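Descriptive structure summary
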Amino acid sequence: MIDYDETKTDLPVGAFPAVALPVVVEVKNVTREFRDDRGNGIVALDNVSLSVRQGEFVSLIGPSGCGKTSLLRLIAGLDEPQSGEILADGEPVTGTSHERGYVFQQANLFPWKTVEENVAFGLKARGVYAQRRSDVAEYLEMAGLKGFERAYPHQISGGMAQRAALVRSLINRPKALLLDEPMGALDSFTRMDLQEKLLELWQSFGTTMILVTHDIDEAVYLSDRVVIMTPRPGRISEIIDIASPFPRNRSSAIFVELRNRVLEKFHLAGAEPPVEYII
Amino acid sequence: MKHSYWRLFAVLPYAAALASNILIPPVIEIDELPFRGLLAALTAYFGTRGLLALRGGPYAEALDRGARFYGAVGVVFMVWDVLSSKTGVLPLPFFPGPAQIMEVMFRERSAHAVNCLYSLRLFAAGFAAGSLFGSVSGILIGWSDRWHYWLFPIMKVVGVIPAIALVPLVLIVMPDTFSTAVALVAISAWFPVAFTTARGIRSIDRTYFEAARILGASDFYMLRKIAIPGAVPAIFTGISTATGIAFSTLVVSEMIGARGGLGYYINLAMGWMNYASVYAAIVIMAILFISVLTAINGIKNRLLAWQKGLIK
Ligand SMILES: Nc1ncnc2c1ncn2[C@@H]1O[C@H](COP(=O)(O)OP(=O)(O)OP(=O)(O)O)[C@@H](O)[C@H]1O
Ligand SMILES: [Mg+2]
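Below you will find a few notes about this structure. (Residues numbered from 1 in each chain as written. Chains lettered and ligands numbered in written order. Predicted model: local features only at pLDDT ≥ 70, side-chain atom pairs only at ≥ 80, totals over all residues. Heavy atoms only, no water.)

1. Let's talk about the overall build of chain B
The helix and strand tally for chain B stands at 12 helices and zero strands. Along its sequence from the N terminus, chain B presents helices and strands in the succession α-α-α-α-α-α-α-α-α-α-α-α. Taken over C-alpha atoms, the radius of gyration comes to 25 Å for chain B, far larger than the 20 Å a tight globule of 312 residues would show. A separation threshold of at least 6 residues defines the contact pool for chain B, and within that pool the share at least 24 residues apart is 73%. (Helix = DSSP H or I, 4+ residues; strand = E, 2+ residues; numbered from the N terminus. Rg over C-alpha atoms; globule rule 2.2 N^0.38 Å. Contact = heavy atoms within 4.5 Å.)

Written out as C-alpha cells, the structure reads:
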C-alpha cells in the first residue's frame, strides 16, 4: 500500500496507480463567499485547490455546510468563484458544458417526460438524436430500466430514478461526471445496488467521477482518492489515496484498515463522523 | 342488502313524480307531455342502472353512493310540481313549476338552440383569444426578466379591473356589438391565464433548468421543453378560473346589447314577463357551461397525463 500524506499547499499527486494521465478538472485557489439574509458573508470555499486526472474516481466528504455542493457547482459552471480559477481540459470554465455531467441529490428527472424521453433529452437538446437514437435503448438497458421506458418519473422507485438520472447524464458521454450525493435519499440496499452500477459504468466508460457523499464506506469503496473537507471556512483538510484494486471487498482487512484511516483523518480534521457510519 | 334499498330510492321518486303528475289535474292550462317525458326518461334511466347494478362491483357501488342524491332530486321535482302547477301554492308567474319550464324548453327548442349557438360562438371566439393571448403573454412575462419587470405590475393592475367596467372603452374601439362582446370575454379570460402562467413558470424548480442546461439545452430549447411543459398545470389552473369569469362576462355582455345568445334571450323573456323562459334559459346555460367545463377538463387530463397519480 502506498502511504503518503499530501500537504494542503501542494497540488495533489495523481491517482493510484500513479500514471501521468492528463488533468481533466483543475481547481486553483478558489474562494466562494455567499451572503446570508442579514448580509453577513459566509465563506463556503476558502482558497481551495484540487486537480483530478482523467478517469479518476474522487470522493468529497465532509460535514454539512463545508462547501461540497458549492465546489461541485463551480466545477459544473453553474456558479462563479470570487477569486481563483477553474480549468476543464486546461480551459477556464465560463459556463456549463455537456462535457461535465451533473447528477443532483434528488434525481430531478423532468416529471412531464417519460423515462425514455428523459434519457434522450441530452441527445435531442444537442441535435444529435437522429444519429444516436439507438443509444437510448442501450443506456436504458444499462440502467436496468428496460420495460419502464414509458413510465413517468413518479411511477418508478427512487433507485430507478437515480439510475435514470445517471444514464441521462452519461448518454452525453461527458469527460467528467459530477455527482452530488446521488444516493443520499436511498435505503442502504438500493444504495449498494447503485454503487455497483456506478462502478460498472465508470469502468466501462472511463469517465472521470467526482462524487460528493456523506458515507465514508461508500467513498472508500468507490474512490481512487478521498478528499476530506472542513467547514467555516470550507477547506480541503486531507486527501487520502485508496490504494486498493477493484473490485473491493467491504469486509477485507485492507478495506477496514483504509476506512479506519479515513475516519481517523476525519476526526483529526475536527469533524464529527457522519451518522450513517455508526451502524 | 342495506344498499339495495337506496338503489330503489334512486328510481322510485321519479316514478312517483310521474304518477302524481298524471293523477293530479293542473290548475293552469299547460302541456304536461315534455315534463312527463323527462320523468319517464329518468325513471327508465335509474331503473336500468339499478338492474345493471344487480351484478355488483364498482358500478353498483357508484350507484349506491349517488342514490340518495338522485332520489332527493326526484322528490324535489315531485314536490315542486305539486306546489306549482298542481295547486298554485307558489305565486305565478314568478315561480313556474318544472312542467312549465319543460313546456317552454320543448316549445321554444329551436330558439334556444339558436341562442345557445350564439353564446357558444361568442364564448369560443373570446375565450380562445383570451387564453391564447393569456398563455403567450404569461409565458413571456414568466420567462423573461425584462418582460416581467415592465409588464407584471401593469398586468396586476389591469387584471383586477372587471372586464365589464371596460365596456365604454371597448365600445369605442370595437366596430360592432359582437366584437365588443368577444373582446370583453377575451379580456376577462386573459388575466387569470396570464397571471397563473407567469407565476407557474417562475415557480418551476430551478434545478430542472440547471439540469437541462448542463445536458446541452439552449435557452430557447429550455423555454420549449422545460418552461412551457412545466407551466401547463398552472396554465390550466388559470383556464379553469378564467372559464367561470368569462361565462359571467359573456352573459352580461349579451344582456347589454347583443342580438342573440342566452343572455339576450333572458333579457327578452324578462321583457315579456315570461319567467318560465327565463328559468329555461338558466337551466340551458348551466347545461352548456357544464359541458364546456367538462370538455376543458378532458383536454387538461390528456395534456397532464404525466401527473396521473402524482397529486392526491
Ligand atoms: N446560494 C447560497 N446563498 C447563501 N449561502 C449559501 C448558498 N449556497 C451555499 N451557501 C452556504 O455555503 C455553505 C456551504 O454550502 P454547501 O451547500 O456547499 O454545503 P455542503 O457541503 O454541500 O453541505 P451539505 O452536506 O449539507 O449538502 C453553507 O454554509 C451554506 O449555507
Ligand atoms: Mg450539498
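2. Concerning empty space enclosed by the protein
All names here are of chain A. For the coordinates displayed, the defined rule picks out two cavities of 30 Å³ or more. In this structure, the largest cavity occupies an estimated 50 Å³ of space. Around the largest cavity, the lining residues are E181, P182, M183, G184, R191, V212, T213, H214 and E218. Of the residues that constitute the lining of the largest cavity, the class distribution is three nonpolar, three polar and three charged. The wall of the second largest cavity is formed by Q162, L166, L179, P182, M183, L194 and L198. Contributing elements (two or more residues each) for the lining of the second largest cavity: α4 (158-170) and α5 (188-205). When grouped by side-chain class, the residues that make up the lining of the second largest cavity number six nonpolar, one polar and no charged. (1 Å grid on protein atoms, 1.4 Å probe; cavity = no way out; pocket = protein on both sides within 12 Å on 5 of 7 lines; lining within 4 Å. Points joined across faces, edges and corners; volume = space filled by probe spheres on them. Nonpolar A, V, L, I, M, F, W, Y, C, P; charged D, E, K, R; others polar.)

3. What about the sheet that holds strand β8 (residues 208-212) of chain A?
Residue and element names in this part refer to chain A. Across the sheet, six strands lie side by side as β6-β7-β8-β3-β9-β10; this open sheet has mixed pairing. Each having just a single partner strand, β6 (100-103) and β10 (235-241) make up the two edges of the open sheet. Adjacent strand axes in the sheet meet at a mean angle of 20°, parallel and antiparallel pairs treated alike. Pairing analysis gives four bridges linking strand β3 (residues 57-61) to β8, with the strands arranged parallel. Paired with V58 across the two strands is I210, which belongs to β8. Sheet strands touched by α4: β6 and β7 (176-180). Its angle to β6, the strand with the most contacts, is close to 170°. Set on the sheet, helix α7 (residues 253-268) makes contact with β3, β9 (225-230) and β10; between it and β10 the angle comes to about 165°. (Pairing = 2+ DSSP bridges. Axes fitted to C-alpha atoms, helices over the stretch in contact; angles between N-to-C directions.)

4. Here we look at the pairing of β9(A)
All names here are of chain A. Most of β9 is tucked away: six of the six residues are buried. Inspection of the sheet shows β3 paired to β9 by four bridges, in the parallel sense. Its bridge partner being in β9, L60 is matched across the sheet by V227. With six bridges connecting them, β9 and β10 associate as antiparallel partners. Paired with V227 across the bridge in β10 is I239. Counting the residues in the hairpin turn of β9 and β10 gives four residues, including R232, whose phi is positive at 45°. (Buried < 20%, exposed > 50% of the residue type's maximum accessible area, 1.4 Å probe, protein only.)

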